Amino acid sequence: MPKRFLIVATDRTGRLNENMSAAEHFAKFPYSHGAIRFNLEKYGWETGYVNFSMAKNFKRLAAEIDRFKPDIIYTYGALIALNPIICRRFFCKYKSFKVVHGWDDLYGELWRDVFGVIPGLFMRWFERQIIKRSDAVVTLSYYQQAKARKEWGVECKYIPNGADLPVFDRSAGSVKLAGKMNIVYTGDQAAWKRTADICEAMRHVPPEIKLYLTGQHYPYLDQYASENCIFLGYLPKNDQLCVMDQADVLVCTANQDCNAKFHEYLVWKKPILGYDDRANLLFKNGRNALLTKDYPSAIMKLYLEPDLRKRLVENAASDIRVYSWYEIAGLFDEYFCGLLAIYGG
């Protein structure tokens, strides 16, 4: 009989629903829970998915749990993370499942930065409830693992982000980068990611050094657009990969040690520029990445020292293992099976 794995997520985009297969889920989100779900099926798991519209309704969620009879419910996102636990206690007939929380972001910090101090304080309290009340917690952050241990007495399982080798057609790329040194930033550019820091830095370096950003347009960054700070917006996947292929440096400005970009960047074997704080838990500054709070100086250092760029790449390749998403799913399979053995599942 296959093991059963049910994702209960906060996603409200409408792109995912409970009728979607693992392959369809993976096609839309070939990373994070989409990649974990898809690859767990290769390890013999039967998988399902519940989005926010169902998860927020206790009776609907309980009915889906009773129908699917999961061994593991994997909660992703803060708002619905406690709902399966509440359902198990009050609404479900089937109760033989364990709730594992996938803790990617610091919710209290995120809400403070996006919504303000009071919502941030509430979410900091709520985050504590999620971490303490879930049956187990998986995190991809060394920082969060240490925080949970020190502040809440909870031992989280560390499983890092994964990244598959990019598959693309270089000859079909429609975007050509034009700098003498091209810096590329991909993905979310929200204010809490500190993206403005790298954009502002481009005002202080020569115009032949160019920054290209791909992803959703954020109007607050429009003030930085210039001949060497270029917003490409959303690109077809092949074009995005071709842009990354042309990069001389890849940059991630978020104050995190677990941002998915880091592992995606590492498979490209390009030097990585990042923020000099929590990223030190993943990298050794100056050896396998360049971390800074002074981006103009760091950019010029990379520009003027091509041997440094080469060393950063070589050391990162030898120091930091990047698991494929299939391998990451194997780590989840091993951990989940261990949990079920402990609890008699």
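Residues numbered from 1 in each chain as written. Predicted model: local features only at pLDDT ≥ 70, side-chain atom pairs only at ≥ 80, totals over all residues. Heavy atoms only, no water.

Where do I start with a nonpolar patch on the surface in this structure?
Among the surface-exposed residues, V117, I118 and L121 lie close enough to one another that they form a single nonpolar patch of about 310 Å² accessible area. On the secondary structure map, I118 appears in helix α7 (residues 117-133). (Patch = residues over 30% accessible without salt bridge, like charges linked within 9 Å, V, L, I, M, F, W, Y side chains within 5 Å. Areas by Shrake-Rupley, 256 points an atom, 1.4 Å probe, with all protein chains shown as cover. Salt bridge = Lys/Arg side-chain N within 4 Å of Asp/Glu carboxyl O. Helix = DSSP H or I, 4+ residues; strand = E, 2+ residues; numbered from the N terminus.)

When you look at a positive patch on the surface in this model, what are you seeing that I'm missing?
On the surface, R89, R128, K132 and R133 cluster together to form a positively charged patch. Counting residues per element, the positive patch draws most heavily on α7, which supplies three residues. Residue position: R133 is located in helix α7. (Lys, Arg positive; Asp, Glu negative; His and termini not counted. Charge placed at Lys NZ, Arg CZ, Asp CG, Glu CD.)

Can you help me understand the packing of aromatic side chains in this one?
The relation between two aromatic rings is expressed through the spacing of the ring centres and the mutual angle of the planes. For the coordinates displayed, the defined rule picks out 23 aromatic pairs. Aromatic pair F5 and W45: ring centres 6.3 Å apart, planes at 80°, arrangement edge-to-face. Of this pair, F5 sits in strand β1 (residues 3-9) while W45 sits in strand β2 (residues 45-50), placing them 40 residues apart in sequence. One exposure class covers both F5 and W45, and it is buried. Members of the aromatic cluster, joined through ring pairs, are F5, W45, Y74, F332, Y335 and F336. The ring of F97 has R88 lying over it, and the distance from NZ or CZ to the ring centre is 5.3 Å. The ring of Y275 carries R194 above its face, with NZ or CZ at 4.1 Å from the centroid. (Phe/Tyr/Trp six-rings, centres within 6.5 Å; stacked < 30°, edge-to-face > 60°. Buried < 20%, exposed > 50% of the residue type's maximum accessible area, 1.4 Å probe, protein only. Lys NZ or Arg CZ within 6 Å of the ring centre and 35° of its normal.)

It is not clear to me how the layout of surface pockets should be interpreted in this structure. Could you clarify?
The rolling of a water-molecule-sized probe over the atoms marks out the regions of remaining empty space. In this structure, the second largest pocket occupies an estimated 260 Å³ of space. Class assignment of the residues belonging to the lining of the second largest pocket gives a composition of six nonpolar, four polar and seven charged. (1 Å grid on protein atoms, 1.4 Å probe; cavity = no way out; pocket = protein on both sides within 12 Å on 5 of 7 lines; lining within 4 Å. Points joined across faces, edges and corners; volume = space filled by probe spheres on them. Nonpolar A, V, L, I, M, F, W, Y, C, P; charged D, E, K, R; others polar.)

Can you help me understand unusual backbone geometry in this one?
Apart from glycine, the bulk of residues carry a negative phi angle, and the bulk of peptide bonds sit in the trans form. For R194, which is not glycine, the phi dihedral falls at a positive 65°. Its place among the elements puts R194 in the loop between β7 (181-186) and α9 (195-201). We note that K269 has phi near 55°; this positive angle belongs to a residue other than glycine. The topology assignment puts K269 in the loop between α11 (260-266) and β11 (272-275). Among the residues examined, K269 registers a relative accessible area of 55% and is labelled exposed.

Before we go on, may I ask you to explain the packing of helix α6 (residues 107-115) against α7 in this structure?
Think of two packed helices as two axes; the pair is described by the angle between the axes and how far apart they sit. α7 packs onto α6 with a crossing angle of 165° between their chain directions and a minimal axis gap of 7 Å. Judged by the angle between their axes, α6 and α7 are roughly antiparallel. Taken as a pair, α6 and α7 cross one another with a handedness that is right-handed. Contacts from Y107, G108, W111, R112 and F115 of α6 reach α7 at V117, P119, G120, F122, M123, R124, E127 and I130. Within the contact of α6 with α7, the residues separate by chemical class into eight nonpolar, two polar and three charged. (Axes fitted to C-alpha atoms, helices over the stretch in contact; angles between N-to-C directions. Parallel < 35°, antiparallel > 145°, perpendicular 65-115°, else oblique. Left-handed = near helix turned anticlockwise from the far one by under 90°. Contact = heavy atoms within 4.5 Å.)

Teacher, can you tell me more about empty space enclosed by the protein here?
The final tally for this structure, using the stated rule, is one cavity of 30 Å³ or more. As for the largest cavity, its lining consists of 16 residues, and the residues nearest its centre are I36, Y74, D104, L140 and F332. If you list the elements that add at least two residues to the lining of the largest cavity, you get α2 (32-40), β3 (72-76), β5 (136-139) and α14 (325-343). For the lining of the largest cavity, the class distribution of residues is ten nonpolar, five polar and one charged.

Explain the nonpolar core to me, please; I cannot follow it from the model alone.
Across soluble globular proteins, nonpolar side chains have a tendency to be buried as a group. In this structure, V8, I65, W103, I130 and I131 are the most contacted members of the largest nonpolar core, which totals 33 residues. Mapped onto this core, the elements with two or more residues apiece are β1, α3 (52-55), α4 (58-68), α5 (83-90), β4 (98-103), α7 and α8 (142-152). Residues contacting I131, with those up to four places away along its chain left out, are H101, W103, V137, A148, W152 and V154. By size, the runner-up hydrophobic cluster in this structure holds 28 residues, among which are I183, A196, L211 and Y295. (Core = buried A, V, L, I, M, F, W, Y, C linked by side-chain atoms within 4.5 Å.)

Honestly, the environment of L232 in this entry has me stumped. Any pointers?
If you trace the backbone, L232 turns up in strand β9 (residues 229-233). When the C-alpha positions of L232 and Q216 are compared, they lie 9.0 Å apart, and in sequence the two are 16 residues distant. Not counting residues within four places of it along the chain, the set of residues in contact with L232 comprises V175, Y212, L213, T214 and V243.

So what exactly am I meant to see when it comes to the pattern of salt bridges here?
Side chains that differ in sign of charge can pair as their charged atoms come close. This model, assessed by the stated rule, comprises 13 salt bridges. One salt bridge connects K147 with E151, and the closest N-O pair in it is separated by 3.0 Å. Of this pair, K147 and E151 both sit in helix α8, four residues apart, roughly one helical turn. The class of E151 is partly exposed, set by a relative accessible area of 48%. Measuring nitrogen to oxygen at the nearest pair gives 2.7 Å for the salt bridge that ties R287 to D319. A residue pair is termed long-range when its members are at least 10 positions apart, and R287 in the loop between β11 and β12 (290-292) and D319 in helix α13 (residues 306-319) qualify at 32 residues. Take D319: its relative accessible area is 36%, and that puts it in the partly exposed class.

Without other data, these values stay purely geometric and don't point to any function.
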